[in-house]
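Chain and residue survey
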Amino acid sequence: MANTILVGTQWGDEGKGKIIDVLTDEADVVVRTQGGNNAGHTVFVRGEKYILHLIPSGILRPGKLCVIGNGVVVNPLSLISEIETLEKLGVRIGRKLLISDAAHVALPFHPKLDEAREKAKGKKRIGTTKRGIGPAYADKASRVGIRMGDLVDAERFPELLRERMREARRILALYGLRPPPYRRTLDAYAEAAERLRPMVTNTVVRLHREIAKGKRFLFEGAQGTYLDIDHGTYPYVTSSNTTAGGACAGSGVPPAKIDSVVGVMKAYTTRVGEGPFPTESEEISQALHAMGREFGATTGRPRRCGWFDAVLVRQAVKINGVDRLAITNVDGLDAFDRIRVCVGYRLGNRRLDWVPSRAADLAACRPVYREFPGWKQDTSGARAWEELPAACRRYLESLAELVGARPAIVSVGPDREQTIRLD
Ligand code: GDP
Ligand code: IMO
Ligand code: MG
């Protein structure tokens, strides 16, 4: 496998963790480049379930270097609890995990501010994960953030934190809140810094050393194309560039070193949080929830579900330069008599084959559906393309044709083994 960026083509939770795990087999280095612990990437290995939030999913395979790049926002306390959870499950972290000294730190007042702003917005809330991701990236953009390199500098950190908390106190006061006490925050973060210090390094230098050695890279995108701060359904988005371009900015690896972009898409659509969703359907939501599926990996919230939206994914294929598709959760459609796919939008009396930039316009779009017959068979045991029912193969071929990219992986269950490779 050449150097590959993996991105979500919908609203997140496409099954990126599972596909990363499959592809990690052929990579040497796995890199997270944006987002933070708002992500929840599920990987099943031999019946054991792992949910990764900050640590690249490659950690589950032995001998892979895992890197949290400069574009990520790191909550050090969550990171340590994630490391401990993995170690309890028998995953060895050792020297396999590196953290960029330029990655920004999420501080305890960030989630507080995130929550306060959401509350103040009332019905207009975004439905964030309340992990403080927006406020942490806002500090970065405002050039008042604290970075991992500062956190592990025991001499400078106390003063930087004190300074940052001075302003945070004033901002939180606008919402009638106070930040957690300085001393308690300092103690907790200083302790975390002690543990993380050996992992914190200049990852740009290290990654370029690995490139020089001819190592193969896999960039693990978090969230999805329509949660991108520029290309998503603003303001119902996250605060980073979740699209392929973000992988280069968030790691310091140049675009010329990228050989392939894998776009992960569910065979239907889901979304957590607020915002427009033209193909949202009560029928498919109820059916999937009744099967115990589509509950958030980070917050446990039930995901909103809808039919596959080819307009959305076709545009994601273009924005990201997707050359290979990974189609997941195909088995989720096994029980349906008929399956709908959105092939265009109607906005007023216009027909659109692209995604409008304004959330209000997308919300007003009515989907134009094409209907496919269901296959009414269990696909979860299929391990080869020929083992899928004919109607299922036709459905997947049509999806690929509609979105304009080649299917490379079909996933029929959460486990590593429940995967069909077509490349
Ligand atoms: P991510 O954020 O993109 O990594 O996706 P999540 O882990 O948040 O959500 C995807 C969910 O679908 C998880 O529960 C996965 O275990 C599950 N999953 C992934 N691929 C498949 C599949 O092909 N079939 C089934 N049944 N579940 C899948
Ligand atoms: P993975 O990597 C699905 C959504 C939230 C909310 C919006 C903003 O598992 O696919 P934030 O906390 O980032 O400020 O929330 O983005 N969101 C996700 N939805 N999967 C994710 O990550 C998400 N990360 C954020 O629900 O609508
Ligand atoms: Mg997820």
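As a reminder, the structure under discussion sits directly above these lines.
Description of the structure in this document. (Residues numbered from 1 in each chain as written. Chains lettered and ligands numbered in written order. Predicted model: local features only at pLDDT ≥ 70, side-chain atom pairs only at ≥ 80, totals over all residues. Heavy atoms only, no water.)

The next point concerns the pairing of strand β4 (residues 48–52). Across five bridges, strand β3 (residues 41–45) lies against β4 in antiparallel orientation. Note on β4: the bridge partner recorded for H41 is L52. Joining the antiparallel neighbours β3 and β4 is a turn of two residues, in which R46 adopts a positive phi near 45°. (Pairing = 2+ DSSP bridges. Helix = DSSP H or I, 4+ residues; strand = E, 2+ residues; numbered from the N terminus.)

So, on to the site of ligand 1. Inspection of the region around ligand 1 gives 19 residues, with K16, G17, T42, D331 and S411 positioned closest. In this structure, K16 approaches ligand 1 through a main-chain N or O atom, which is 2.7 Å from an oxygen atom. A distance of 2.8 Å separates an oxygen atom of ligand 1 from a polar atom in the backbone of G17. Coverage of ligand 1 by the protein amounts to 91% of the 590 Å² it exposes when considered alone. Per-element accounting of the shell around ligand 1 gives the leading share, three residues, to β3. Looking at the shell around ligand 1, you find at least three residues from each of domain 1 (4–100 + 199–261) and domain 3 (265–421). (Near = heavy atom within 4 Å. Polar contact = N/O pair within 3.5 Å; in protein donor to acceptor, adjacent residues only side chain to side chain. Areas by Shrake-Rupley, 256 points an atom, 1.4 Å probe, with all protein chains shown as cover. Domains from an automatic or database assignment.)

Taken together, the side chains of L174, Y175 and L177 make up a nonpolar region of the molecular surface, amounting to roughly 290 Å² of accessible area. Of note, L174 is situated in the loop between α6 (157–173) and α7 (182–196). Judged by its relative accessible area of 72%, L174 is exposed. (Patch = residues over 30% accessible without salt bridge, like charges linked within 9 Å, V, L, I, M, F, W, Y side chains within 5 Å. Salt bridge = Lys/Arg side-chain N within 4 Å of Asp/Glu carboxyl O. Buried < 20%, exposed > 50% of the residue type's maximum accessible area, 1.4 Å probe, protein only.)

Right, let's get into the pattern of salt bridges. Scanning the model with the defined rule gives 28 salt bridges in all. Among the salt bridges present, the one from R358 reaches D361, with a minimum N-O distance of 3.2 Å. Exposure remark for R358: the relative accessible area of 53% places this residue in the exposed category. In this structure D361 comes out as partly exposed when scored by relative accessible area, which is 25%. It is possible to trace a salt-bridge network through shared partners that takes in D13, K266, E294 and R303.

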